[in-house]
Amino acid sequence: MKILYIANLRLPTEKAYGIQIAKMGEAFADLGLEVVLAAPFRISKEKGSISHYYGVRENFKFRKIFTPDFYFPGRLDIIAFQIKSFISAFILAVYALTHKSDIVFSRDEMPLYLLSFFRGNLVFEAHKFSKKRLSFYKRFKKKKVKIVAISSGIKNEFEKIGFNPESILIAPDAVDLRDFDINISKTEARKKLGLPLDKKIALYSGHFFKWKGVDTLMEAAAYLKEVFFVFIGGTEKRTLDNILFLGHKPYREVPLYLKAADVLILPNPATLSSGVGEKEEKISKYYTSPLKLFEYMASGRPIVASDLPSIKEVLDKDSAVFFKPGNSEELARSIKKIIDDENLAKSISEKAFEKVQEYTWEKRVKKILVFVG
């Protein structure tokens, strides 16, 4: 079977979607499929091959399709992005029509929408639900495009607009356990990374988007001066009181950083401030299936997480300590609870590690292949 994975996105990229796409391509190929990953040409500071950048095997083909790449100054750049996205979606759709495949798989609506007028066997991997894209979704329903939803919250939204539940598979994200099979102690990891040996370390790994809840974690740090907070991600590198910002790190280095921590934090908010008060943040609350969640679980370190439906689809009270989203004082208390109770830290770490065995890329891909038939 031949699968064409269309990624109308910049690859390689420092963003988490790149890891997810590369790991999915590798996992499909591991099961014996002939896999071609097609992405548009984009000017990028990230150099090297997909396999080197993400540490995946070269068991699938990566095709970078030429598409125009340009920028407009200032706020007009969003217009440039939208124009480029449409052009590259069209070119990728033409590529799909001129290169034979049994299945076309994508997490991008536009290429699949264009292809739906010419062929079937299309699979859309939904990472969020947007009312602005209803025209795409209605077309998908009409043409019986199969939906792979990363959370039940997304599945519920598709069902509300009339999708047959049997045409939707819930498949949370996953992790490559081999990346975390590192025989190294916490102390050894810290020595390698130059992190303090004499402090308790709370660590966050990921981007600094507002819906990630990083502000809440920074506020929590003010209540725990005795704890050293390490942030991996974002663009800045600096030290502030008991907070260390290390900026973006290559994916292959992340497991070592997680192994160096005493506690790992997932601080997603339930709401975000708007001009008229607090607004429900649906991506964080219902839709997300964070890659970092599964990486945290695989690291064998205890997790403090926001008490949200999206997170509790995977974790429970036996595998994490939960706190009220957006409440920095409660987050600080939860971190301290784990640091002060070695038995609790050990118990939830072991339970999370046990649970994550069911969330591998191989098992995810097997479910998807059964679903698409």
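What you see is a predicted model, and the numbers here were worked out from it, not measured in a lab.

Enquirer: How should the sheet that holds strand 1 (residues 2–6) be read in this particular structure?
Expert: In any sheet, the strands associate via hydrogen bonds between backbone groups, in a parallel or an antiparallel arrangement. Here we have seven strands laid out as an open sheet, ordered 3-2-1-4-5-6-7, and parallel in their pairing. The two strands at the open ends of the sheet, each matched to only one other strand, are strand 3 (61–65) and strand 7 (168–170). Neighbour-to-neighbour, the strand axes of this sheet turn through a mean angle of 20°, independent of strand direction. Looking at chain direction, strand 4 (residues 103–106) and strand 5 (residues 122–126) are connected through three bridges and run parallel. Counted as the bridge partner of V104 is L122 from strand 5. Sheet strands touched by helix 15 (residues 361–372): strand 4, strand 5, strand 6 (146–149) and strand 7. Its angle to strand 6, the strand with the most contacts, is close to 160°.

Enquirer: What am I meant to see in the sheet that holds strand 8 (residues 200–205) here?
Expert: Spatially, 10-11-9-8-12-15-16 is the arrangement adopted by the seven strands of the open sheet, whose pairing is mixed. Of all the strands in the sheet, just strand 10 (238–240) and strand 16 (321–323) have a single pairing partner and so form its edges. Adjacent strand axes in the sheet meet at a mean angle of 20° when their direction is disregarded. Packed on one face of the sheet, helix 8 (residues 214–221) meets strand 8, strand 9 (227–232), strand 11 (243–245), strand 12 (263–266) and strand 16 and runs near 160° to strand 9.

Enquirer: Can you walk me through the side chain of D173 in this structure?
Expert: Within the secondary structure, D173 sits in the loop between strand 7 and helix 7 (186–193). It is R364 that comes nearest to the buried, bridge-free D173 among opposite-charge side chains, at 4.1 Å. Looking at D173, its side chain comes within polar contact range of the side chain of Q20, at 3.0 Å. Contact partners of D173, with chain neighbours within four places excluded, come to Q20, H127, I150, S289, L291, F294, Y359, W361 and R364.

Enquirer: Mind showing me how you'd approach unusual backbone geometry here?
Expert: Apart from glycine, the bulk of residues carry a negative phi angle, and the bulk of peptide bonds sit in the trans form. That bond from L11 to P12 is cis: its omega, -5°, falls within 30 degrees of zero. Of note, P12 is situated in the loop between strand 1 and helix 1 (16–30). Unlike most non-glycine residues, N121 shows phi in positive territory, near 55°. The residue N121 is located in the loop between helix 4 (109–115) and strand 5 in this model. The backbone of D241 sits at a positive phi, close to 50°, despite the residue not being glycine. With relative accessibility at 63%, the residue D241 sits in the exposed group.

Enquirer: Is there a simple way to think about the packing of aromatic side chains in this case?
Expert: Counted according to the given criterion, the structure contains 19 aromatic pairs. Here F158 and F163 contribute two aromatic rings whose centre-to-centre distance is 5.1 Å and whose plane-to-plane angle is 85°, an arrangement assigned as edge-to-face. Grouping residues by exposure puts F158 and F163 together as buried. Arranged with centres 6.2 Å apart and planes meeting at 50°, the rings of Y204 and F231 form a pair that is tilted. Highlighted residues: Y204 in strand 8 and F231 in strand 9, separated in sequence by 27 residues. In this structure Y204 comes out as buried when scored by relative accessible area, which is 1%. One Lys or Arg, K146, reaches over the ring of F371 and ends 5.3 Å from the middle of that ring. K312 extends its terminal NZ or CZ atom over the ring of F322, reaching a point 4.9 Å from the ring centre.

Enquirer: Teacher, can you tell me more about the nonpolar core here?
Expert: Among soluble globular proteins, nonpolar side chains are generally buried collectively. Residues F229 and I335 are the most contacted members of the largest nonpolar core, which totals 97 residues. No other element matches the eight residues that helix 1 contributes to this core. Setting aside chain neighbours within four positions, we find F229 in contact with A202, L217, A220, A221, L224, N242, I243, L244 and I335. Listed in part, the 31 residues of the second largest apolar core include L112, L115, L122 and Y137.

Enquirer: Hey, could you run me through helix 13 (residues 328–340) in this one?
Expert: Since one α-helical turn is 3.6 residues long, residues separated by three or four positions face the same way. Taking 1.5 Å of rise per residue, the 13 residues of helix 13 would be expected to cover 18 Å, and the 18 Å separating its terminal C-alpha atoms lies within 8% of that figure. Measuring from the backbone nitrogen of E329 back to the side-chain oxygen at the start of helix 13 gives 3.2 Å, which picks out N327 as the cap.

Enquirer: For this particular structure, what's the right way to read the side chain of D262?
Expert: Of note, D262 is situated in the loop between helix 9 (254–259) and strand 12. Under the relative-accessibility criterion, D262 is labelled buried at 11%. Reaching out from D262, the side chain makes a polar contact with the side chain of K186 at a distance of 2.8 Å. Of note is the side chain of D262, whose polar atom sits 2.5 Å from the side chain of R190. Leave out the neighbours within four places in its chain, and D262 touches K186, R190, K199, K200, I201 and P302.

Enquirer: Help me understand a nonpolar patch on the surface in this model?
Expert: On the surface, a nonpolar cluster with roughly 530 Å² of combined accessible area is contributed by F72, L76, I78, I79, F81 and I83. Within the element layout of this structure, I79 appears in helix 3 (residues 77–98). According to the relative accessible area criterion, I79 is partly exposed, its value standing at 37%.

Parameters and conventions
Residues numbered from 1 in each chain as written. Predicted model: local features only at pLDDT ≥ 70, side-chain atom pairs only at ≥ 80, totals over all residues. Heavy atoms only, no water. Pairing = 2+ DSSP bridges. Helix = DSSP H or I, 4+ residues; strand = E, 2+ residues; numbered from the N terminus. Axes fitted to C-alpha atoms, helices over the stretch in contact; angles between N-to-C directions. Contact = heavy atoms within 4.5 Å. Buried < 20%, exposed > 50% of the residue type's maximum accessible area, 1.4 Å probe, protein only. Lys, Arg positive; Asp, Glu negative; His and termini not counted. Salt bridge = Lys/Arg side-chain N within 4 Å of Asp/Glu carboxyl O. Polar contact = N/O pair within 3.5 Å; in protein donor to acceptor, adjacent residues only side chain to side chain. Phe/Tyr/Trp six-rings, centres within 6.5 Å; stacked < 30°, edge-to-face > 60°. Lys NZ or Arg CZ within 6 Å of the ring centre and 35° of its normal. Core = buried A, V, L, I, M, F, W, Y, C linked by side-chain atoms within 4.5 Å. Expected span 1.5 Å × (residues − 1). Patch = residues over 30% accessible without salt bridge, like charges linked within 9 Å, V, L, I, M, F, W, Y side chains within 5 Å. Areas by Shrake-Rupley, 256 points an atom, 1.4 Å probe, with all protein chains shown as cover.

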